[in-house]
Amino acid sequence: MASRIPFEQLISSMMAVFDHLSEGIIITDTESVIQYVNQAYCEITGYSSEELIGQTPRIVRSDHHSPEFYQAMLETLRTEQGWEGQIWNRRKNGEAFLQNLKIAARRDEAGEVVQYIGIYQLPGAMDKELEPGESAPAFDYDPLTGLPVRTVFMDRLFQVLVNAFSANTRVAILYIDLDRFNHINENLGYMVGDAILKQVADMFSKRVGKRDIISRFSGDEFVVSLSQIDGPAQADAFAKELLALLEEPLVEEEQYIHLGASIGISIFPDDGDNAEELVRNAQTAMRRVKDTDGVQSLMFNADMNRNLSDMLTLENDIRWAIRQEEFEPFFQPKVDPFSRTITGMESLVRWNHPEEGMVPPGRFIGMTEENGLIVPIGYQVLRASCRHNKEWLDKGYDLAMAVNIAAAQFAQEDLVERIADILDETGLPARNLELEITEGAMIGDTAMAVERLNGLKELGIQIALDDFGTGYSSLSYLKKFPIDKLKIDQSFIRNMHEDEADSSLVYAIIMMGRTLGLKSVAEGVELKEQLDIVMKYGCREIQGFYFAKPMPAEEFEAFLEKGVPEADAEGTSA
Ligand code: C2E
Ligand code: MG
Ligand code: MG
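Definitions and cut-offs
Residues numbered from 1 in each chain as written. Chains lettered and ligands numbered in written order. Predicted model: local features only at pLDDT ≥ 70, side-chain atom pairs only at ≥ 80, totals over all residues. Heavy atoms only, no water. Helix = DSSP H or I, 4+ residues; strand = E, 2+ residues; numbered from the N terminus. Buried < 20%, exposed > 50% of the residue type's maximum accessible area, 1.4 Å probe, protein only. Contact = heavy atoms within 4.5 Å. Near = heavy atom within 4 Å. Polar contact = N/O pair within 3.5 Å; in protein donor to acceptor, adjacent residues only side chain to side chain. Areas by Shrake-Rupley, 256 points an atom, 1.4 Å probe, with all protein chains shown as cover. Nonpolar A, V, L, I, M, F, W, Y, C, P; charged D, E, K, R; others polar. Donors = N, O, S within 2.8 Å, 3.2 Å for Na, K, Ca; no water. Salt bridge = Lys/Arg side-chain N within 4 Å of Asp/Glu carboxyl O. Pairing = 2+ DSSP bridges. Axes fitted to C-alpha atoms, helices over the stretch in contact; angles between N-to-C directions. 1 Å grid on protein atoms, 1.4 Å probe; cavity = no way out; pocket = protein on both sides within 12 Å on 5 of 7 lines; lining within 4 Å. Points joined across faces, edges and corners; volume = space filled by probe spheres on them. Parallel < 35°, antiparallel > 145°, perpendicular 65-115°, else oblique. Left-handed = near helix turned anticlockwise from the far one by under 90°.

### Comments concerning the side chain of E436
Inspection of the secondary structure assignment puts E436 in strand β17 (residues 433–438). Taking the relative accessible area as the measure of exposure, E436 reaches 1% and is therefore buried. With near-sequence residues (within four places) excluded, E436 lies in contact with E346, A402, V403, N404, I405, A464, D466 and K487.

Shown next as C-alpha cells:
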C-alpha cells in the first residue's frame, strides 16, 4: 500500500465524501460497537447517527436469519479478510429489507483486527452487468406500494423543476409522514402495517393522479410534487384533501384503524431552487407540524431552519435592539440612466449590532414579520430616514425616498396617522416620501388595502409595488389599487441578458405599467448588458449594484455631491 496516511485521518477526511455516497457505510470496533455511520446508512435504516453510534448492528437485525447465520458471519470475519453476502435487516419503522453487504476487517501491523467496515447496497444497485435484452432490476419501484422510490422521484422532480423554471410556474412539494404508524406495527404486527401502508399509498396516488408524482421515501413517509400550482394556498388546499382522505377509518383484518398525518410544504422557487433543498425544507416543515399541537400541515419558512433556542435568543436581542435604537437605514440610489441623474433612493434597514456589526435584513426580517416586531422596527427606520432626507432637502437635494413597509405594518389600523405624524415631526414634505409595499400585503383584504392606500395618497405620498412579478400580479387588481410605480423584481433582471423569457417579461411589465400610467423601476441591475436592455425598453429608473450598493447616510451624501459615475462606468460593485 502506497498510502501512509493514518487510517483515522483518512476516515475523517473521507467522511464528507462518504456522506455523499448512495451506499450505506458503517464502521464498528472489534466488539461490534458502531463508531460511524454515513448519511446513506441513516436514510436506508431510518435511524439517526445519534441513535446508532454506541449501539451494535443488532439494532437493525431482522428475524429472517438464524443465530447460526450470524455466528458463521462472525467466524468468517475473524479468520478471513472479510464477508460478503445478502442480508435481511429491519428499518426503524419495522419494515424488513434486503441488502448486499460487504464487510472488511481492518487489521493493525501485527495482523490484529481493529475495526470492521461495512458497505451496504440495496439489491438492484449491484454491480451485475446486464445481458443484452435483459431489463434492469425493478428497484425503481417500491415492491410494497408500487410507487417510485426516492431516487426516481428526485430525478423526475429535477425534470419538473427545469420545466417549471422555463414556464415560470410554481411547484409544490408535500412531505407526508403518517402519525403514530409505529403503534400499528407494534400492536397489530408488520403484516397489518404493510397492508395499511398499501391502502394509504393507493388512496393518495389516486388523488395525486398521473400528471403529478408521489413517491414512498421510507417506511411511513410519502412525498408528492404538484406542478403548475398558483401558490401556497392551492398547495395547502391539496394537503387538506389528502388529510381528509384519512378521516375515514381504514379497515384491515376486521380492525378499524384511524390514521393521521403531518404534512410539510415547500414551494419552488420560493423555498429553494433545487430538488434536494425543496424536499429538505418540506421535511423540516413536516417536523415542525409534529412539534406543534393542533396543526396538520404547514408551509415552510426560512426561520424553521433555526432551532428554538436560537429563535428565542434572536427575538430577545431584537427587542433589546429596538429599545437601544440599533436599527438604522442605509441608502441605495436610484438613477435615471438617460440623464445620469439621481432620481431618489431606497432606504434599507441594517441592524447595527454591537458585536456583529451591520446585520442585513435577510437575517431578521422574516422572524420580525412573523412576531410583529417589524412594526416598531419599521417606524424606527422610517423616522430616521425622513430625518436624513429632510437634511438633504435643506441642502438642495430634492429626492423621492422609498421606504419599505411590511405587510404587518401595512395592516395596522393607525398606519396613515402614524406616518402623517412622522412627516410632521421631521418636517419632510410628503412628496419626498415613497412607500414600497408588496403585493402580498394587499391581497388579503383588498377593501382595507384600498382604504389605506387612499389615505396615504391623500397625504401626498407615492406608492410603489415592490418585488413585482413574484407574487400574484394580476392586472385586474393593479387597476383597483391607487399605486404609482412597479418595482420589477430582481429575479427577472438577473437573467434577462441570458434568458429571452425573462427579458420579454420585463418588457411586458414595463409596457403594461405604461398603459396603466405606472412608472417602472428596474431593481438589481448589476451588469452593463442588463442596463442596456432596460434602457432599450425605456425604463427611466434603475437601482442596482451597477451604480451603487446601499450605503450609510454619510456615504450617500458624498455620493450625492459627486454625482453618478461617468457613462462608461464599469459599475461600482466590483
Ligand atoms: P427590497 O425592498 O426588494 O430591497 C432591495 C434589495 O436588493 C436590497 O437588499 C438591496 O441591497 C438589494 N439589491 C439592490 N441592488 C442589487 C443588485 O444589483 N444586486 C443584488 N444582488 N442585490 C441588490 P437588502 O438591503 O438586503 O434588503 C432585503 C429586503 O429586506 C428588502 O428587499 C426588503 O424586502 C426588506 N427590507 C429592507 N429594509 C426594510 C425595512 O426598513 N422595512 C421592511 N419592512 N423591510 C425591509
Ligand atoms: Mg424595497
Ligand atoms: Mg424589491
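### Focus: the site of ligand 1
Around ligand 1 lies a shell of 22 residues, among which R350, D466, Q490, E526 and F545 are the nearest. In the environment of ligand 1, a nitrogen atom lies 3.0 Å from a nitrogen or oxygen atom belonging to the side chain of Q332. Coverage of ligand 1 by the protein amounts to 81% of the 800 Å² it exposes when considered alone. Looking at the shell around ligand 1, the elements that each hand over two or more residues are β14 (341–353), α12 (374–394) and β18 (462–468). It is β14 that contributes the most residues to the shell around ligand 1, 4 residues altogether. Classifying every residue of the shell around ligand 1 by side-chain character gives 10 nonpolar, 5 polar and 7 charged.

### Details of the coordination of the magnesium ion (ligand 2)
Geometry sets the ideal angles at a metal, namely 109.5 degrees for four tetrahedral donors and 90 or 180 degrees for six octahedral donors. Within the first shell, the magnesium ion (ligand 2) binds the protein through E346 (OE), N404 (OD1), E436 (OE) and D466 (OD), at distances of 2.0 to 2.3 Å. Along the chain, the residues donating to the magnesium ion (ligand 2) are arranged with the sequence spacing E-x57-N-x31-E-x29-D. Here the magnesium ion (ligand 3) and the magnesium ion (ligand 2) are spaced 4.0 Å from one another, each receiving a donor from D466. A residue pair is termed long-range when its members are at least 10 positions apart, and E346 in strand β14 and E436 in strand β17 qualify at 90 residues. Accessibility expressed as a relative area gives 3% for E346, which makes it buried.

### Some thoughts on the coordination of the magnesium ion (ligand 3)
Within the first shell, the magnesium ion (ligand 3) binds the protein through D466 (OD), D467 (OD) and E523 (OE), at distances of 2.2 to 2.3 Å. All donors of the magnesium ion (ligand 3) come from a single chain, and their spacing in sequence reads D-D-x55-E. Judged by its relative accessible area of 6%, D466 is buried. Judged by relative accessible area, D467 falls into the partly exposed class, the value being 27%.

### Thoughts on the pattern of salt bridges
Evaluated as defined, the whole model comprises 27 salt bridges. As a salt-bridge pair, D236 and K240 come within 2.6 Å of each other at their nearest N and O atoms. Of this pair, D236 and K240 both sit in helix α8 (residues 232–245), 4 residues apart, roughly one helical turn. Taking the relative accessible area as the measure of exposure, D236 reaches 21% and is therefore partly exposed. A relative accessible area of 44% places K240 in the partly exposed class. Measuring nitrogen to oxygen at the nearest pair gives 2.7 Å for the salt bridge that ties K485 to E434. Linking K485 in strand β19 (residues 485–488) with E434 in strand β17, this pair joins segments that are 51 residues apart in sequence. Salt bridges linked by common partners bring R91, E95, D142 and R216 together as one network.

### Remarks on the sheet that holds strand β12 (residues 297–299)
Within the open sheet, the 5 strands sit side by side as β7-β8-β6-β11-β12. Their pairing is mixed. For this open sheet the edge positions go to β7 (213–218) and β12, each flanked by a neighbour on one side alone. Each neighbouring strand pair of the sheet contributes to a mean axis angle of 20°, computed without reference to strand direction. Across 8 bridges, strand β6 (residues 170–179) lies against strand β8 (residues 221–229) in antiparallel orientation. When the sheet's bridge partners are listed, D177 is paired in β8 with E221. Sheet strands touched by helix α7 (residues 190–208): β6, β7 and β8. Its angle to β7, the strand with the most contacts, is close to 155°. Strand contacts of α8: β6, β8, β11 (260–268) and β12, with the helix running at about 160° to β11, the strand carrying the most contacts.

### A look at empty space enclosed by the protein
Under the criterion given, the structure shown has 1 cavity of 30 Å³ or more. Put simply, the largest cavity is a space of about 30 Å³. As for the largest cavity, its lining consists of N93, E95, F181, N185, G193, D194, L197, R216 and G219. Elements with a contribution of two residues or more to the lining of the largest cavity: α6 (181–188) and α7. Broken down by element, the lining of the largest cavity gets its largest block of residues, 3 residues, from α7.

### A few points about the pairing of strand β5 (residues 113–121)
The side chains of a regular strand alternate, first on one face of the sheet and then on the other. Burial of β5 is extensive: 7 of the 9 residues sit out of reach of the surface. Bridge count between strand β1 (residues 24–29) and β5: 6 bridges; the pairing is antiparallel. Bridge pairing links D29 to Q115 in β5. Count of turn residues in the strand β4 (residues 96–107)/β5 antiparallel hairpin: 5 residues, of which G111 carries a positive phi of about 90°.

### Some words on the packing of helix α14 (residues 415–426) against helix α16 (residues 446–459)
At their nearest, the axes of α14 and α16 sit 9 Å apart, and the two run at 20° to each other. One way to sum up the angle between α14 and α16 is to call them roughly parallel. The handedness of the crossing between α14 and α16 is right-handed. Taken together, the residues of α16 that come into contact with α14 (itself represented by L415, V416, I419 and A420) are R452, G455, L456 and L459. Taken together, the residues that form the contact of α14 with α16 break down as 6 nonpolar, 1 polar and 1 charged.

### Considerations on the packing of α7 against α8
Between α7 and α8, the least distance of the axes is 10 Å, while the angle of their chain directions is 145°. Seen from above, α7 lies across α8 with right-handed handedness. Taking contact as the criterion, the partners of M203, F204, R207 and V208 in α7 are, on α8, F238, E241, L242 and L245. In terms of residue class, the contact of α7 with α8 is built from 6 nonpolar, no polar and 2 charged.

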